[in-house]
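Fold and contact review
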There are 6 protein chains.
Amino acid sequence: MATVKLLSDAEADAIPAVKAVFDDIRATRKSDFVNNFWRGLANDPAALKRTWEGLKDVMTGETALPPAVQEMIYIAVSTANGCSYCIHSHTAAAKAKGMTDEQHAELLAIIGLAGQTNHLVAGMQIPVDPEFLVES
Amino acid sequence: MATVKLLSDAEADAIPAVKAVFDDIRATRKSDFVNNFWRGLANDPAALKRTWEGLKDVMTGETALPPAVQEMIYIAVSTANGCSYCIHSHTAAAKAKGMTDEQHAELLAIIGLAGQTNHLVAGMQIPVDPEFLVES
Amino acid sequence: MATVKLLSDAEADAIPAVKAVFDDIRATRKSDFVNNFWRGLANDPAALKRTWEGLKDVMTGETALPPAVQEMIYIAVSTANGCSYCIHSHTAAAKAKGMTDEQHAELLAIIGLAGQTNHLVAGMQIPVDPEFLVES
Amino acid sequence: MATVKLLSDAEADAIPAVKAVFDDIRATRKSDFVNNFWRGLANDPAALKRTWEGLKDVMTGETALPPAVQEMIYIAVSTANGCSYCIHSHTAAAKAKGMTDEQHAELLAIIGLAGQTNHLVAGMQIPVDPEFLVES
Amino acid sequence: MATVKLLSDAEADAIPAVKAVFDDIRATRKSDFVNNFWRGLANDPAALKRTWEGLKDVMTGETALPPAVQEMIYIAVSTANGCSYCIHSHTAAAKAKGMTDEQHAELLAIIGLAGQTNHLVAGMQIPVDPEFLVES
Amino acid sequence: MATVKLLSDAEADAIPAVKAVFDDIRATRKSDFVNNFWRGLANDPAALKRTWEGLKDVMTGETALPPAVQEMIYIAVSTANGCSYCIHSHTAAAKAKGMTDEQHAELLAIIGLAGQTNHLVAGMQIPVDPEFLVES
């Protein structure tokens with residue numbers, strides 16, 4: 001159902017630039033599983049490499065936020081954008097990185113609240129309080 | 001510029017149901033400042049009370065996530081929804097609750113990444129991997 | 001601040017295809033006021049005519065919904081899309097067509113609720129109940 | 001395919017706080033059917049209660065807008081947000097509350113128009129006419 | 001799964017106003033295939049005619065942009081709006097009109113970049129540079 | 001009004017990693033002007049470098065699409081996302097790269113059409129035609 005081909009392992013292995021990224025994904029994540037997003041992106045090896053490296057820079061190594069929190073932020077954006085694939089994949093990742101059921105429930109509650117107040121603010125066209133504009 | 005009147009303190013004080021919520025906002029937040037969102041919502045005292053109580057339930061008291069993380073999730077949703085008022089007010093709140101500059105930068109980087117991969121996933125119409133659908 | 005020129009009355013009058021539409025807007029609305037949206041669209045007379053005629057077909061004459069309800073639906077879509085201009089213009093129109101303050105408050109409350117439940121549904125990825133899929 | 005478990009009746013009955021809300025949903029709607037949205041929310045009984053009570057306050061009892069109009073506004077927001085579940089459930093509800101085929105067609109036409117003019121306004125960055133900013 | 005009936009050829013042929021549009025779609029596109037979008041819209045023959053004529057005006061005949069570029073712009077909007085049907089149909093159309101695999105890859109890369117920078121701009125609330133506001 | 005500081009030239013010059021990117025922006029664009037987006041991003045030199053290099057890879061050098069077309073695709077995404085800054089900056093860029101007034105008008109018309117049909121498709125929940133799912 002995708003608009004691009006999802007590369008199999010055999011197809012990926014046949015393109016050195018793709019194989020190199022898939023190998024790095026596997027090594028970084030310590031898992032053999034390469035999910036469909038990367039298999040679709042692999043049609044454009046430069047985009048694959050650029051996107052993976054951007055994501056690796058931000059989401060791995062020394063980070064300012066705990067890994068589960070990073071994934072929860074990712075879920076929040078993906079939910080507001082209605083990206084079903086992204087919600088599924090980052091919910092799985094957040095759980096794998098330690099998000100508890102209580103945290104998941106609270107995350108959903110905050111996302112719901114934000115959806116509500118975002119819409120109320122827009123409908124009322126509330127002007128920004130000068131107090132929020134203190135020098136940043 | 002709002003589509004509804006923003007109630008002044010004098011106007012809010014004249015409506016007991018509004019005054020009660022404004023008093024609770026001030027007591028809960030330990031601050032005299034009531035921001036414009038509540039002043040707009042105050043045109044509908046039932047909506048004001050319901051929205052404030054929903055927000056208080058989720059965002060205060062015993063929470064599963066640290067207060068600054070809650071606000072960062074709120075920023076993430078508000079950014080994806082393009083709600084300028086909400087981004088300003090929750091960025092101010094996140095800073096007040098301890099978000100560091102490094103965390104703010106990482107939050108923005110994750111929001112940007114999510115914007116990118118959400119759009120790539122949508123454009124390619126990537127199907128959800130069965131691995132993400134393990135029984136929840 | 002627009003990305004296109006907003007045509008003045010003199011400029012509009014100089015282009016017969018634009019003048020004809022502006023005249024029809026004024027006659028249909030029984031008002032001399034032509035708002036900025038049409039002045040921007042007037043850079044492309046064919047788009048101006050097509051858009052105005054589409055809008056006139058749906059929103060005027062014999063309609064299945066009362067005029068104020070039509071405008072409230074327009075506000076609802078515009079709010080979810082975050083279109084500030086559209087929220088302002090259709091709120092003004094809804095009031096002119098009889099939307100009461102109570103209806104405006106209820107409209108905003110429904111928009112807020114929908115924002116909340118839309119986000120909750122997306123975050124939980126709720127599957128459609130078969131009951132909603134009865135033959136249409 | 002949900003990211004949370006959808007509670008069965010047996011599971012819901014085993015949690016008193018959930019059972020109380022499900023009973024109220026059934027009593028309020030005079031129907032045995034509890035749709036999946038509530039079954040997903042039931043993982044967080046406080047969110048279930050808060051969301052149901054908010055929705056009941058706004059959408060039932062004495063309302064400023066007819067029930068079918070309320071549902072049409074809900075459909076409008078859900079469409080702009082691309083929430084497939086919400087579009088299906090509120091279209092079913094609107095029909096049950098009396099929305100005619102003619103009204104449904106006009107609703108869709110207005111939603112389409114609003115989508116078009118929202119995008120045109122954004123693309124042209126039309127400034128708000130001062131006439132729309134009269135004191136509210 | 002649609003919220004409206006999708007008219008079959010027999011049903012469409014029985015309504016002269018629908019048949020006329022379907023005939024024009026087939027003649028304009030030099031193909032017998034009428035896709036589901038038009039079959040759904042056909043429930044409202046006036047909307048069918050208005051929407052088809054608007055689309056025909058813009059997308060066919062003498063155009064300022066090559067047909068494949070028009071379709072790529074359509075894909076870009078549809079992706080940002082998360083419209084799965086639209087992404088599929090306009091990707092098929094763009095390929096039929098000559099979009100190469102390299103152009104498709106670059107289109108997706110630009111859409112991804114725009115998603116990223118749109119989110120970064122919103123999160124940082126960057127003010128418009130005066131240089132971009134030169135008289136238009 | 002931004003949520004982050006916009007770095008002046010003096011501040012940028014004081015941070016070697018920022019200065020290097022600003023120099024490359026100026027050299028690549030053959031212009032002294034560095035717009036506010038980069039000045040905001042400069043608070044996170046790694047994000048600045050990553051974002052600029054991603055954009056430079058896709059939008060400059062040998063491209064599959066003409067530069068003005070690339071910018072029009074960027075405008076299309078930014079419009080659907082309601083990113084005012086992005087619409088202004090990429091409209092200026094598209095004009096600088098040769099977008100004619102006729103192409104701008106057609107671009108806006110297509111964006112408007114897509115907004116309309118995206119919303120109609122969503123409201124009707126049109127299923128994807130199997131013809132669009134031919135092996136990609």
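Residues numbered from 1 in each chain as written. Chains lettered and ligands numbered in written order. Predicted model: local features only at pLDDT ≥ 70, side-chain atom pairs only at ≥ 80, totals over all residues.

With that settled, consider the overall build of chain A. Along its length, chain A carries 7 helices and 0 strands. Counting from the amino terminus, chain A carries its helices and strands in the arrangement α-α-α-α-α-α-α. What you see for chain A is a C-alpha radius of gyration of 19 Å, clearly larger than the 14 Å of a compact globule of 136 residues, by over 25%. Overall, the C-alpha framework of chain A stretches about 55 × 35 × 30 Å when taken along its three principal axes. Within chain A, the proportion of its 136 residues that are buried is 57%. Long-range pairs, those at least 24 residues apart, make up 54% of the contacts in chain A between residues at least 6 apart in sequence. (Helix = DSSP H or I, 4+ residues; strand = E, 2+ residues; numbered from the N terminus. Rg over C-alpha atoms; globule rule 2.2 N^0.38 Å. Buried ≥ 20, exposed ≤ 12 C-beta atoms within 10 Å, placed from the backbone. Contact = placed C-beta atoms within 7 Å.)

Once that is clear, we can look at the relation of the copies chain E and chain C. Least-squares fitting of chain E to chain C yields an RMSD of 0.0 Å, with the superposition described by an axial translation of 0.0 Å and a rotation of 180°. Both copies of the chain, as the preceding transformation shows, are related through a two-fold rotation axis. Mapped onto chain C, 100% of the interface residues of chain E again fall at the interface, so both copies present the same surface. (Least-squares fit on C-alpha atoms with pLDDT ≥ 70 in both.)

Within the secondary structure layout, Met72(B) lies in helix H5 (residues 67-80). Taking the C-alpha atoms as reference points, Met72(B) and Leu107(B), separated by 35 residues in sequence, lie 7.1 Å from one another. When sequence neighbours within four positions are dropped, the list of residues in contact with Met72(B) reads Ile73(A), Ala94(B), Met99(B) and Leu107(B).

A separate point is the interface of chain E and chain C. On the side of chain C, 11 residues touch chain E, which itself brings 11 residues to the contact. Its residues placed into classes, the side of chain E that touches chain C shows 5 nonpolar, 3 polar and 3 charged. (Nonpolar A, V, L, I, M, F, W, Y, C, P; charged D, E, K, R; others polar.)

Turning our eyes to something else, we now look at the domain arrangement of chain A. In terms of domain boundaries, chain A breaks down into domain 1 (1-62) and domain 2 (64-126). If you average the C-alpha positions of domain 1 of chain A and of domain 2 of chain A, the two centres end up 25 Å apart. (Domains from an automatic or database assignment.)

Side chains three or four residues apart in an α-helix point the same way, a direct result of the helix having 3.6 residues per turn. In a regular helix each residue adds 1.5 Å, so 15 residues correspond to 21 Å; helix H4 (residues 45-59) of chain B covers 21 Å between its end C-alpha atoms and thus fits that length. Here H4(B) has its buried residues at Ala47(B), Leu48(B), Arg50(B), Thr51(B), Gly54(B), Leu55(B) and Val58(B). Buried residues belonging to H4(B) abut helix H7 (101-124) of chain A, helix H2 (16-29) and helix H3 (36-41) of chain B, helix H7 (101-124) of chain C together with helix H4 (45-59) of chain D. Immediately beyond the C-terminal end of H4(B), within one or two residues, lies Gly61(B), with a positive phi of roughly 70°. (Expected span 1.5 Å × (residues − 1).)

Contacts between the two partners involve 58 residues from chain B and, on the opposite side, 57 residues from chain A. Put simply, the parts of the chain that give the side of chain B that touches chain A at least two residues each are H3, H4, H5, helix H6 (84-96) and helix H7 (101-124) of chain B. Looking at the side of chain B that touches chain A element by element, the count peaks at 16 residues for H7(B). Split into classes, the residues belonging to the side of chain B that touches chain A amount to 35 nonpolar, 19 polar and 4 charged.

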